[in-house]
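Okay, here's what each chain looks like letter by letter:
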Amino acid sequence: DSGVTQTPKHLITATGQRVTLRCSPRSGDLSVYWYQQSLDQGLQFLIQYYNGEERAKGNILERFSAQQFPDLHSELNLSSLELGDSALYFCASSPRQGGVYEQYFGPGTRLTVT
Amino acid sequence: AQSVTQLGSHVSVSEGALVLLRCNYSSSVPPYLFWYVQYPNQGLQLLLKYTTGATLVKGINGFEAEFKKSETSFHLTKPSAHMSDAAEYFCAVSEGTGGFKTIFGAGTRLFVKA
């Protein structure tokens, strides 16, 4: 158990809908990262927050947004969902920002868009 | 810009044989390098990491990796494969000058034959 929790574990929704994925980092970790993993794209970095502020953006679509709250939990919002958004979404956390710190991954949320 | 190349999307070895998973990186500054493992239906977990100092890094489950700057490589090895090593392995690179992104390779799936 990494100490990172993600809810829900599974989510099935229809095209055009909006969903929110939630992540609670390890106790004391200030950085939160979001990743998307699919068979065709592999593991893609989406976005990173540090202590409530956005710090880095990767291949995140405009239909997706995220935020980190004062209690350090984070939410990833996915809207106008398309079939191609079906994937595993991982949250990870690390103690600080900066490349030296390894990331601790949650178990993921499996999103299925029908 | 950072990048990571993992040679071979699938590697198959016999139980007891040497495991060698290849990773080459590119980075404009001294990198931090990581190997993560992902078991089925789980998030990624850290196997080992290189930051500074000794170039031969030992990790969990008998794995080790050697940082070779001249070859820009960070190959993962294990002397004797076990059935429980079957998983997907990801090499990752972060830059050491405060870069907030960690770039992951495409992954190598390791199969272990009895």
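## Comments concerning the overall build of chain A
Along chain A, the regular secondary structure elements total 0 helices and 11 strands. Computed over its C-alpha atoms, the radius of gyration of chain A comes to 13 Å, within 12% of the 13 Å expected for a compact globule of 114 residues. Going through the 114 residues of chain A one by one, you find that 54% of them count as buried. For chain A, long-range pairs separated by at least 24 residues make up 55% of all intrachain contacts whose partners lie at least 6 apart in sequence. A total of about 5,300 Å² of accessible surface is found on chain A, and carbon and sulfur atoms cover 46% of it. With 9 positive and 11 negative side-chain charges, chain A shows a separation of 3 Å between the mean positions of the two kinds.

## A word on the sheet that holds strand β8 (residues 74–78) of chain A
What links the strands of a sheet is backbone hydrogen bonding, and the strands pair in either a parallel or an antiparallel sense. Residue and element names in this part refer to chain A. Spatially, β1-β3-β8-β7 is the arrangement adopted by the 4 strands of the open sheet, whose pairing is antiparallel. At either end of the open sheet lies a strand with only one pairing partner, and these are β1 (5–7) and β7 (64–68). Each strand of the sheet is rotated relative to its neighbour by a mean of 15°, with strand direction disregarded. The pairing of strand β3 (residues 19–24) with β8 spans 5 bridges and is classified as antiparallel.

## Observations regarding unusual backbone geometry
Trans is the common state for peptide bonds, and a negative phi is the common state for residues other than glycine. The step from Thr7 of chain A to Pro8 of chain A runs through a cis peptide bond, and the omega angle for that step is -10°. As for its placement among the helices and strands, Pro8 of chain A is situated in the loop between β1 and β2 (10–13). For Asn51 of chain A, which is not glycine, the phi torsion reads 50° and is therefore positive. Tracing the sequence through the fold places Asn51 of chain A in the loop between β5 (42–50) and β6 (53–57). Overall, Asn51 of chain A belongs to the partly exposed group, its relative accessible area being 48%. For Asn61 of chain B, which is not a glycine, the phi torsion comes out positive at approximately 60°. Note on placement: Asn61 of chain B falls in the loop between β6 (56–58) and β7 (64–68).

## Some remarks on the interface of chain B and chain A
Between chain B and chain A, the contact holds 19 residues from the first and 21 residues from the second. Taken over both partners, the interface formed by chain B and chain A buries close to 1,600 Å², and the fraction arising from carbon and sulfur atoms is 59%. The interface formed by chain B and chain A includes 1 salt bridge. When the shortest N-O distance is used, the salt bridge between Glu102 of chain A and Lys49 of chain B registers 2.6 Å. If you look at where chain B meets chain A, you find 4 residue pairs in polar contact (both at pLDDT 80 or more). Mapped onto the side of chain B that touches chain A, the elements with two or more residues apiece are β4 (31–38), β5 (44–50), β9 (87–95) and β10 (102–104) of chain B. Looking at the side of chain B that touches chain A, the element that brings in the most residues is β4 of chain B, giving 4 residues. Taken together, the residues that form the side of chain B that touches chain A break down as 8 nonpolar, 8 polar and 3 charged.

## Side note on the nonpolar core
One finds Trp35, Leu48, Leu76 and Tyr89 of chain B to be the most contacted residues of the largest nonpolar core, which totals 27 residues. Among the secondary structure elements, those contributing two or more residues to this core are β2 (10–14), β3 (19–26), β4, β5, β7, β8 (73–78), β9 and β11 (108–113) of chain B. Sequence-distant contacts of Leu76 of chain B, that is, excluding residues within four places in its chain, are made with Val19, Leu20, Leu21, Trp35, Leu47, Leu48, Phe63, Glu64, Ala65 and Tyr89 of chain B. Counting residues in hydrophobic clusters, the runner-up holds 21 residues, among them Val4, Leu11, Val32 and Leu78 of chain A.

## Points about the environment of Phe45 of chain A
Here Phe45 of chain A shows up in strand β5. Separated by 11 residues in sequence, Phe45 of chain A and Ala56 of chain A place their C-alpha atoms 9.5 Å apart.

## A word on the pattern of salt bridges
Residues and elements named next belong to chain B. For the structure shown, the criterion picks out 8 salt bridges over all chains. Between Lys58 and Glu64 there is a salt bridge, with its nearest N and O atoms 2.8 Å apart. Residue Lys58 is classed as exposed on the basis of its relative accessible area of 62%. The salt bridge partner of Glu88 is Arg109, with a shortest N-O separation of 3.0 Å. Taken together, the residues span a long stretch of sequence, with Glu88 in strand β9 and Arg109 in strand β11 at a distance of 21 residues. We classify Glu88 as buried; its relative accessible area is 13%.

The rules behind each value
Residues numbered from 1 in each chain as written. Chains lettered and ligands numbered in written order. Predicted model: local features only at pLDDT ≥ 70, side-chain atom pairs only at ≥ 80, totals over all residues. Heavy atoms only, no water. Helix = DSSP H or I, 4+ residues; strand = E, 2+ residues; numbered from the N terminus. Rg over C-alpha atoms; globule rule 2.2 N^0.38 Å. Buried < 20%, exposed > 50% of the residue type's maximum accessible area, 1.4 Å probe, protein only. Contact = heavy atoms within 4.5 Å. Areas by Shrake-Rupley, 256 points an atom, 1.4 Å probe, with all protein chains shown as cover. Lys, Arg positive; Asp, Glu negative; His and termini not counted. Charge placed at Lys NZ, Arg CZ, Asp CG, Glu CD. Pairing = 2+ DSSP bridges. Axes fitted to C-alpha atoms, helices over the stretch in contact; angles between N-to-C directions. Buried area = accessible area lost by both parts, 1.4 Å probe. Salt bridge = Lys/Arg side-chain N within 4 Å of Asp/Glu carboxyl O. Polar contact = N/O pair within 3.5 Å; in protein donor to acceptor, adjacent residues only side chain to side chain. Nonpolar A, V, L, I, M, F, W, Y, C, P; charged D, E, K, R; others polar. Core = buried A, V, L, I, M, F, W, Y, C linked by side-chain atoms within 4.5 Å.

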